[in-house]
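# Chains, contacts and geometry: an overview
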Amino acid sequence: MIRDQIQDSLKNTDVGEMELEHPEDIAHGDFASSVALKRASQEGGNPREIAQDIVASLEEELPSSIEKVEIAGPGFINLFLSADILRDEVDAIRSKGSEYGYIGGEESEKIIIEYTDPNPFKVFHIGHLMSNTIGESLSRLLEFSGAEVLRANYQGDVGMHIAMAVWGVRQLEDEMPAGSDSLEKRVDFLGRAYAHGAKLYEENDEIRTEIEAVNKKIYEGGDEEITNLYTWGREISLEKFEYLYQILGTKFDKYFFESEVADAGKEVVLEGLERDIFERSEGAVVYRGEKDGLHTRVFVNSQGIPTYEAKELALAREKYEWVEYDRSIVVTANEINEYFKVVLSAMSKLFPDLAMRTEHVSHGFLRLPTGKMSSRTGNIISGEELLEEVIARTEAKMSDRDIPNDERELIARKVAVAAIKYSILKQSAGSDIVFDIEKSLSFEGDSGPYLQYTYVRTQSVLEKARNEGYEIGGEAVGEVTEVERMLYRFPEIVERSLHERSPHYVIRYLTDLASCFNSYYGSTQIVSDEEGVGYRLALTDAVGVVLKNGLYLLGIETVDRM
């Protein structure tokens with residue numbers, strides 16, 4: 001990257017390595033350093049005088065990549081890249097195409113990333129939408145580092161919520177839809193059955209006992225009726241989830257299920273009990289996390305049933321048996337941060353090597369400005385309903401466009417997904433998000449559709465030029481624009497987003513790039529007979545490449561028209 005080239009050049013001067021940052025205002029240079037202020041703080045002296053000495057040293061052997069160096073304010077050093085290096089990058093972008101931004105460095109790594117993790121028999125809620133969006137973006141960033149990435153999904157297909165739903169299905173069996181009925185009708189029935197069972201579980205002690213018995217039968221197996229109802233509902237849920245994954249642009253390599261790791265989880269904990277890693281307490285088996293500054297958690301309850309914690313331990317081992325991974329990344333809401341710390345602490349004593357390879361990435365919550373929206377269940381809107389609502393509003397916005405209905409529907413889906421994903425990813429890692437539907441669908445900036453619209457604009461310009469017989473590429477004329485000064489930054493933005501596990505840097509960059517290009521578009525007649533048309537088109541093409549690559553890393557598809 002250009003930053004690395006500058007650092008290599010600086011090694012030949014008395015300055016040595018300098019900490020370089022991009023100024024917020026492009027007019028202040030392509031890179032800036034506060035090294036003079038830091039030296040003054042550490043060694044004493046006037047920072048501006050120290051900056052003058054550093055600049056003098058730099059100018060004795062100015063790297064070819066730097067056009068000029070200036071001192072600003074109390075002693076900041078601003079570096080301006082040469083026009084040649086910025087314009088060469090335009091050619092590099094066009095040459096590399098979809099591979100531009102690929103940072104390499106982790107080619108030998110196998111990484112499992114687990115995300116989304118919905119529970120069959122329950123709705124796909126907003127938390128699953130967030131986990132899916134963040135997990136998919138991180139997966140793509142990791143792939144851009146050269147790693148072999150395997151996407152995993154761990155689903156809770158046992159537990160009281162399952163028993164409530166199965167009990168409800170049995171009670172409402174006369175209303176069960178046929179196998180030939182639509183997926184939507186079958187899913188709707190399953191939701192009603194769960195709501196029915198959950199309500200009566202809380203209200204009626206006798207029914208609570210019945211549902212607990214159903215839960216035990218599901219766990220132990222052997223009851224044909226219960227097993228058949230359970231299998232029927234599980235398959236419907238998984239089919240619905242797969243439909244949503246297709247809309248969101250995710251394809252998983254492996255599905256793990258809670259039912260498959262339950263017994264192994266209990267065995268692992270009992271083995272740990274014999275090694276004094278766990279201890280018995282009031283009939284349960286617990287892990288005392290206080291010795292590691294954490295808290296105590298139950299791993300096998302007093303009924304002898306393994307908890308989520310125990311299953312998590314078995315899951316780590318199950319993943320490694322599937323693929324001998326170098327790293328296992330787990331994406332969840334930050335509400336289970338403390339839970340996961342205890343699990344990792346126990347894992348470090350049971351499977352120290354796996355614990356060292358395991359990384360937890362957490363995210364905040366998505367909220368709506370009003371706190372609630374209309375929902376089929378009367379509760380806070382689910383992730384699926386939010387997706388449906390944004391798609392419907394997008395289609396309404398596009399109703400006056402001269403686009404065939406089937407194409408309009410496909411574009412509306414892509415634009416809606418862009419709106420949601422942008423809103424989720426634009427905040428720094430772990431932050432909560434307030435999702436405003438109208439703002440998320442704006443074409444005026446700070447939205448996914450705005451980035452898609454800017455990409456469409458670049459392609460429209462290029463199509464117009466081709467139709468009029470212009471060739472793309474040629475010598476530049478005039479001063480370097482802000483567009484060139486933005487483009488070259490993309491690879492290092494990708495690298496920062498990856499290392500900090502925060503795709504919001506990519507979003508911030510793409511939004512700034514789009515703003516720069518749209519200003520350029522508004523002030524420049526790109527397609528004309530004026531000198532330099534070929535280069536202007538090449539610059540437009542490069543912007544399109546970077547926008548498309550950046551959107552891909554966010555899990556957002558481009559569209560041909562809007």
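What comes next concerns the included structure. What you see is a predicted model, and the numbers here were worked out from it, not measured in a lab.

Soluble globular proteins: nonpolar side chains tend toward being buried together. Leu386, Val390, Leu487, Leu510, Leu537 and Val546 are the most contacted members of the largest nonpolar core, which totals 94 residues. It is helix α21 (residues 533–553) that contributes the most residues to this core, 12 residues altogether. If sequence neighbours within four positions are ignored, Val390 has contacts with Ala416, Ala419, Ile420, Phe435, Ile437 and Leu441. The next biggest cluster of nonpolar side chains, apart from the first, holds 33 residues, and it includes Ile112, Leu273, Ala316 and Ala346.

One can describe the packing of helix α15 (residues 405–425) onto helix α17 (residues 448–467) by two numbers: an axis separation of 7 Å at closest approach and a directional angle of 125°. Our classification of the angle between α15 and α17 gives oblique. Within the contact between the two elements, α15 uses Lys414, Val415, Ala418, Ala419 and Tyr422 and α17 uses Gly448, Pro449, Leu451 and Gln452. Considered class by class, the residues forming the contact of α15 with α17 number six nonpolar, two polar and one charged.

Further remarks concern the pattern of salt bridges. According to the stated counting rule, one finds 39 salt bridges in the structure shown. Put simply, Glu279 and Arg288 hold a salt bridge, and the shortest N to O gap is 3.0 Å. Accessibility expressed as a relative area gives 30% for Arg288, which makes it partly exposed. In this structure, the salt-bridge partner of Glu359 is Arg501, at a minimum N-O distance of 2.9 Å. Linking Glu359 in strand β11 (residues 358–363) with Arg501 in the loop between α19 (490–499) and α20 (504–523), this pair joins segments that are 142 residues apart in sequence. Classification of Glu359 by relative accessible area gives partly exposed; the value is 23%. One continuous salt-bridge network, built from bridges that share partners, spans Glu109, Arg327, Glu359 and Arg501.

Further remarks concern the sheet that holds strand β7 (residues 279–281). Ordered in space as β7-β8-β9, the three strands form an open sheet in which the pairing is antiparallel. Bordering the open sheet on either side are β7 and β9 (297–300), each of which pairs with just one other strand. Mean inter-strand twist for the sheet, computed between neighbouring axes without regard to direction, equals 50°. Here strand β8 (residues 284–287) runs beside β9; their pairing, made up of three bridges, is antiparallel.

Definitions and limits used
Residues numbered from 1 in each chain as written. Predicted model: local features only at pLDDT ≥ 70, side-chain atom pairs only at ≥ 80, totals over all residues. Heavy atoms only, no water. Core = buried A, V, L, I, M, F, W, Y, C linked by side-chain atoms within 4.5 Å. Buried < 20%, exposed > 50% of the residue type's maximum accessible area, 1.4 Å probe, protein only. Helix = DSSP H or I, 4+ residues; strand = E, 2+ residues; numbered from the N terminus. Contact = heavy atoms within 4.5 Å. Axes fitted to C-alpha atoms, helices over the stretch in contact; angles between N-to-C directions. Parallel < 35°, antiparallel > 145°, perpendicular 65-115°, else oblique. Nonpolar A, V, L, I, M, F, W, Y, C, P; charged D, E, K, R; others polar. Salt bridge = Lys/Arg side-chain N within 4 Å of Asp/Glu carboxyl O. Pairing = 2+ DSSP bridges.

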